Each structure stands twice: as C-alpha cells, then as structure tokens.
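Chain by chain, the residues:
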Amino acid sequence: MKNLKLIGPFAQLLTLDKLPLKGSLKDEQLEILENSGILINGEKILKVGAWEKLLKEFPEAEIQELKGDYVAVPGLIDCHTHICFGGSRARDFAMRNAGKSYLEIAAAGGGIWDTVTQTRKLTQEELTQRVIQNASRHLADGVTTIEVKSGYGLSLEEELKMLRAIQYANSKIPADLVPTCLAAHMRPKDFAGSNSEYLEEISESLFPILKKENLCNRIDAFVEQSAFSPEEILPYFSKAKELGFELTVHADQFTAGGSEVAVKVGALSADHLEASGDQEILRLAKSNTIAVALPGASIGLGCDFTPARKILDQGGALAIASDWNPGSAPIGDLLAQASILATFEKLSSAEVWAGITFRAAAALDLSDRGKIVPELLGDFVAFPTSDYREILYHQGKIKPTKVWKSGALIFG
Ligand code: NIG
Ligand code: FE
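From a predicted model like this one, the values you see are computed outputs, not experimental measurements. (Residues numbered from 1 in each chain as written. Chains lettered and ligands numbered in written order. Predicted model: local features only at pLDDT ≥ 70, side-chain atom pairs only at ≥ 80, totals over all residues. Heavy atoms only, no water.)

**Concerning the side chain of Glu-280**
Following the sequence through the fold, Glu-280 ends up in helix H10 (residues 278-286). Buried and without a salt bridge, Glu-280 has Arg-283 as its closest oppositely charged side chain, separated by 4.4 Å. A polar contact of 2.9 Å, which involves the side chain of Glu-280, links it to the backbone nitrogen of Gly-277. Discounting chain neighbours no more than four positions away, the residues touching Glu-280 are Asp-252, Ala-256 and Ser-259. (Helix = DSSP H or I, 4+ residues; strand = E, 2+ residues; numbered from the N terminus. Buried < 20%, exposed > 50% of the residue type's maximum accessible area, 1.4 Å probe, protein only. Lys, Arg positive; Asp, Glu negative; His and termini not counted. Salt bridge = Lys/Arg side-chain N within 4 Å of Asp/Glu carboxyl O. Polar contact = N/O pair within 3.5 Å; in protein donor to acceptor, adjacent residues only side chain to side chain. Contact = heavy atoms within 4.5 Å.)

This is the structure:
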C-alpha cells in the first residue's frame, strides 16, 4: 500500500473508541493505548495499535518517530464560535464589572450592535485576515475543526460579506471551518420594521443565495427576550428547513424558551442552556438535539454555568464549545474553558474529552472525525506529557506541541 505513514510512539493514546454519544461517562471507560502508534493512509487513519507491532507489520510505511513523552488525543472540535468580527468590547467588560446592566451598556453604545458597527467597517479581505488569525491561534491550541458564525453583519450584503470571508479563510488554512448563518442574532437597529419582518426579509433574500453560492448549510438564531421570541423564530426555522438547512439555536441563555424550540424543530444542537430548568434538561436529554455548554460565556459574563452534570445524568449528549466572541466570551481557549467547567460541574475527564471531540462533531453533523479510530480523518494532537490527566489538571496551560490535520503534521 502506498502513502502509508506511521506516527509515534505515544506514551498514551486516547482513542475515545466505543464511547457512546449520549449520557454520563466514567474515566474507566476510556481506551488508553500505551506505547502506541497511528498508521495513516492518505488523509485517514488506517490502524491504531502497539508501536513495535505496527513497525513490524508495515515496514513500507514512512516513519515519523517522536522523541520524548507524548499523549495523543483526537483533534479538538469547537462547535460554536463567533471568530469573524471587528473591534473589541473591552469597554463593555469594564462597565459590566463596574455594575452596569445589559441595558445601560447597550444605551452607552455597547453590546452586539457595537460589534456589528465595527465589523461592517472592515472589508471582506480584512475580515478574512481576522478569521485566519483567530482560527490559526485555535489550531495551535489543537482545535482542528472550528464552527464559525456570521451574525455581526445583519443585512443581506453584510452577512454575505462575513460568510464569504469565512469561506475564503477556510481555503487558506489547514483547519476545517464550518460556517453558520446567524443573521437572526438581533434585529438590526437600522431596520425599519418588526422582528418578524426582518426575519422574513432575511429568509427570502439571503437563504437562496447561501444555497446557490454554497456558503453555508446551517442556520442559527438567538432565541431570547432581547433578540427573537419562539413565535417569531418558528416560521424562520420552517423556511430554513424547507430549503434543506440544518438548524442550531442560541437557547436558554438568560431565560428558558429556546431549547424547546430546538427540540421542536429537530435542531442539531441547543447551545448555552445556562437558564435551563429540570423540564428543559429532560426534554433535551430525550431528544436527538445535542446540548452545548459554553463555559466561556459564563466566565466572561460572571453568570451560572450550563447544568452539564444534570444533562449528562439525564442521559443527554453534551458538547462543550468556546463561544469565542468579543462580547461575552473573549478568552477563546477551548481547553481552558472545558477544564474549568469540569471543576464546577464535576465532569469526568472522559466527559470533557467527549464534549470537545466526537460529541462536538455530532453537533456539526460530522461523522468522519472526533475519535482516533480506523476510517476517520487523521486529525489528532500531541501534548508533551506521559499522563493524560495532566492535561485537564493544568486547565489549559499545557498546550499541544504537535498538531496533525488529515494525516499531515501542520504544527510542531
Ligand atoms: O453566544 N448570546 C448571543 N450571542 C453571543 C454573544 C455575542 C456578543 O455579545 O457579541 C453569545 O454569547
Ligand atoms: Fe454564541
């Protein structure tokens, strides 16, 4: 066989094989292969196993031998980001910490609308550079697949500019970017009409172009008192579904409501959920919608964490994402945020790793990644340690020093 590459040895390799999509996980369920290697054929994993055995079995393979101790895990998957934006919201942060309310900050020119104004000032090329810069930082942190939302354009032309910037950035970097249209982030202040009229205009003018230009296959909406109500969003989602888009929802961040919509419309994921109560958790856990915790927003805003423990204990599928955005979650460090969520919500290592790999892949409807097993893409990262527990224990301070995407070493 041509094109074979044998990479290793890894002191430990977390395959995440055989772990289910839903429910709580114990660390004893983790498959940890010691002194092992990964055999790559082209872009995909062909075999995983003991290093010495693979060496003997595949003498024709090109060998990438590592010196020192490494732990390999699947490439991280961030299923919720807003990394396409202009400007900064440091002023919001200072005002919030000085005790100012959401409404006071908005009245002073802050909030989502501030970022819309800053983003509209950038050209498509400038915006492309921002996405490349942010995605490259994420990639160096081991995130090989990154969902990226629009939602700071909020008009036909400006949303197209954002999604075209994301599409172009995707062609320029090794990470895979998964674009999502979040034109329903809020009703833009310069739109003279109701929420429903705005949504109708967007669905009629923008949706067909997204399909025609193949710009994205996912529609998101912020269902919240300050944005769109369940009644306003349902017709918008129906239209999107009719056209064949996948759906995802910013749900139950401050008040419950969005997660019920998500389950009703069969959304791939319901994200945030800080305000979900027992009823919402149970409904989600019984559904096929992935619950996505966004600890970065809780840390950034000083709010409650998503009830991740309860979601898992009820049998739900829990992914963890960064929500990297200039307003509520500026950290943009998925591993740090997931490690911190684990201490507050008492999550096992297995639950954290599942949440930022294959469960996040499911939230993006990607079945070709998220575990280190044969047939999947060769997306994996190596941390410079011999004990996998060290990684989450250091809460983001131990970074991967090697990153492979589709079988190619792209960093380290
Ligand atoms: O996911 N909740 C709504 N949207 C973003 C925040 C966006 C912003 O504040 O710019 C979020 O937290
Ligand atoms: Fe978000």
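**Quick look at the site of ligand 1**
Taken together, 14 residues surround ligand 1, and among them Tyr-152, His-185, Gln-253, Asp-323 and Ser-328 come closest. Contact between ligand 1 and Arg-89: an oxygen atom at 2.9 Å from a side-chain N or O atom of the residue. Ser-328 is positioned such that a nitrogen or oxygen atom in its side chain is 2.7 Å from an oxygen atom of ligand 1. When ligand 1 sits alone it has 330 Å² of accessible area, and the protein chains cover 95% of it. According to the grid-proximity analysis, the pocket containing ligand 1 is the largest pocket. (Near = heavy atom within 4 Å. Areas by Shrake-Rupley, 256 points an atom, 1.4 Å probe, with all protein chains shown as cover. 1 Å grid on protein atoms, 1.4 Å probe; cavity = no way out; pocket = protein on both sides within 12 Å on 5 of 7 lines; lining within 4 Å. Sits in = over half its atoms within 2 Å of the grid points.)

**Some words on the nonpolar core**
In globular proteins that are soluble, nonpolar side chains generally tend to be buried together. Judged by nonpolar contacts, the single largest core of 97 residues is most densely connected at Leu-210, Ile-219, Ile-233, Tyr-236, Phe-237 and Trp-353. Other than its neighbours up to four places away in sequence, Trp-353 contacts Leu-14, Leu-16, Val-73, Leu-76, Leu-335, Phe-383, Tyr-388, Ile-391 and Leu-392. With 14 residues, the next largest nonpolar core counts Leu-13, Ile-40, Leu-66 and Ile-372 among its residues. (Core = buried A, V, L, I, M, F, W, Y, C linked by side-chain atoms within 4.5 Å.)

**Section: the sheet that holds strand S11 (residues 269-272)**
Pairing is parallel across the open sheet formed by eight strands, whose spatial order is S6-S7-S8-S9-S10-S11-S12-S13. At either margin of the open sheet sits one strand with a lone partner, and together these are strand S6 (76-78) and strand S13 (318-320). Mean inter-strand twist for the sheet, computed between neighbouring axes without regard to direction, equals 25 degrees. Across three bridges, S6 lies against strand S7 (residues 143-149) in parallel orientation. Counted as the bridge partner of Asp-78 is Ile-146 from S7. Against the sheet, helix H7 (residues 195-212) makes contact with strand S8 (176-184) and strand S9 (218-222), and its axis sits at roughly 150 degrees relative to S8, the strand it touches most. (Pairing = 2+ DSSP bridges. Axes fitted to C-alpha atoms, helices over the stretch in contact; angles between N-to-C directions.)

**Structural notes on the pairing of strand S15 (residues 402-405)**
Neither face of S15 is exposed, since Lys-402 and Trp-404 on one face and Val-403 and Lys-405 on the opposite face are all buried. Here strand S14 (residues 380-383) runs beside S15; their pairing, made up of three bridges, is antiparallel. By the bridge assignment, Val-381 is partnered in S15 with Val-403. Note that S15 and strand S16 (residues 408-411) share three bridges and pair antiparallel. Paired with Trp-404 across the strands is Leu-409, a residue of S16. Hairpin connection between S15 and S16: a loop of two residues separates the two successive antiparallel strands, and Ser-406 in this loop has a positive phi of roughly 50 degrees.

**Some thoughts on the layout of surface pockets**
Sizing a probe to match a water molecule and rolling it over the atoms shows the empty space that remains. In this model, the largest pocket occupies a volume close to 800 Å³. Tyr-102, Gly-111, Ile-112, Phe-222 and Ser-226 are, among the 37 residues lining the largest pocket, the residues nearest its centre. When residues of the lining of the largest pocket are traced back to their parent elements, those giving at least two are helix H2 (90-97), helix H3 (102-107) and helix H4 (112-120). Here the lining of the largest pocket takes four residues from H3, the largest share from any one element. Classifying every residue of the lining of the largest pocket by side-chain character gives 14 nonpolar, 15 polar and eight charged. In this structure, the second largest pocket encloses a volume near 250 Å³. Along the wall of the second largest pocket there are 17 residues; nearest its centre are Leu-177, Val-178, Pro-179, Cys-216 and Asn-217. Every element with two or more residues in the lining of the second largest pocket is listed here: helix H6 (156-172) and S8. Ranked by the residues each element gives to the lining of the second largest pocket, the list is headed by H6, at four residues. Taken together, the residues that form the lining of the second largest pocket break down as ten nonpolar, four polar and three charged. (Points joined across faces, edges and corners; volume = space filled by probe spheres on them. Nonpolar A, V, L, I, M, F, W, Y, C, P; charged D, E, K, R; others polar.)

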